[in-house]
Amino acid sequence: VVSALQFLAFAVALRWQTTVYRSVINGYEAQVWLNGIDIIINSLRFPLLLVVMIAYPTQFELFFIYQAVISAIEILALRWKFSRLLPGRGLLPAFNLSLLKPMLPFALGAAYASALGVTLAQYDKLLLSSILTLTDYGYFALIGVVTGGILTLSGQISKAILPRLTALLASGEENEMLALYKVATRWMVVSLSPLALSIVIWPQLTIFAWSGDSTAAAWVAPVLPLFVAGAALTTITVFQYFLQYAHGDLSLNVRFNTVLFVI
């Protein structure tokens, strides 16, 4: 367990650093390149890992070592693209307080809202892990995977939309920004609603078709529609967060998440 945690901590530390590089690459709207790298890295991280674990089923440490190695490959690739995009890339990294100070209110607001968002998203799992049996918690984990899948699909649209909204507003093209906002919101509703509604209407069939476990499907069926409906609504309301982000004012989002956290 100690060895597994050590390799896991190494992988997490590397992936935390990749968020900086990803932010720069997204800011330059190089999403096509980034999506190509994501396809390669995720293919290495998941399908190929399955092959490795089938070949060496008893060496569980290999799972964590493998994840750490893939994280190292990922950060090298992103660092290379980052260094080609960012002006002044030859300079040594250093804090510039004069540049940082005007951004602090926005940055702290974003960090606070993100922390509350993570807490809200994970609190149910923390709470139920101390209440449910391990078997029942395993069934509940299926719900998290399904709802997480819906949020992941929406995230790919968000990754492309957010930098464009910000760039349009920064260049004074507010009407174009609002037009893109409306089109993207409608596209999100049209693309995800059929999937979400199908799962809400047929939750037991969905889980049974996926897992082949009738017991798990029966356990999940009464609860899954509520989580899926919530995830689907979240994918729509997140666009209002994008508008606030583009304007550089997250005060409404901070207040909203604070109220949700208290409730």
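About the criteria used
- Residues numbered from 1 in each chain as written.
- Predicted model: local features only at pLDDT ≥ 70, side-chain atom pairs only at ≥ 80, totals over all residues.
- Heavy atoms only, no water.
- Phe/Tyr/Trp six-rings, centres within 6.5 Å; stacked < 30°, edge-to-face > 60°.
- Helix = DSSP H or I, 4+ residues; strand = E, 2+ residues; numbered from the N terminus.
- Buried < 20%, exposed > 50% of the residue type's maximum accessible area, 1.4 Å probe, protein only.

Evaluated as defined, the whole model comprises eleven aromatic pairs. Taking the centre distance of 5.3 Å and the plane angle of 70° together, the rings of Phe 106 and Tyr 245 count as edge-to-face. Linking Phe 106 in helix H6 (residues 104-129) with Tyr 245 in helix H11 (residues 224-247), this pair joins segments that are 139 residues apart in sequence. Judged by relative accessible area, which is 26%, Phe 106 ranks as partly exposed. Ring centres of Tyr 137 and Phe 140 lie 6.0 Å apart, and the angle between their planes is 40°; this geometry places the pair in the tilted category. Of the two residues, Tyr 137 and Phe 140 both sit in helix H7 (residues 134-170), three residues apart, roughly one turn of that helix. Among the residues examined, Phe 140 registers a relative accessible area of 5% and is labelled buried.

Its place among the elements puts Leu 104 in helix H6. A relative accessible area of 37% places Leu 104 in the partly exposed class. The spatial distance from the C-alpha of Leu 104 to the C-alpha of Ile 161 is 24 Å, given a sequence separation of 57 residues.

Function cannot be read off these values alone, since they describe shape.
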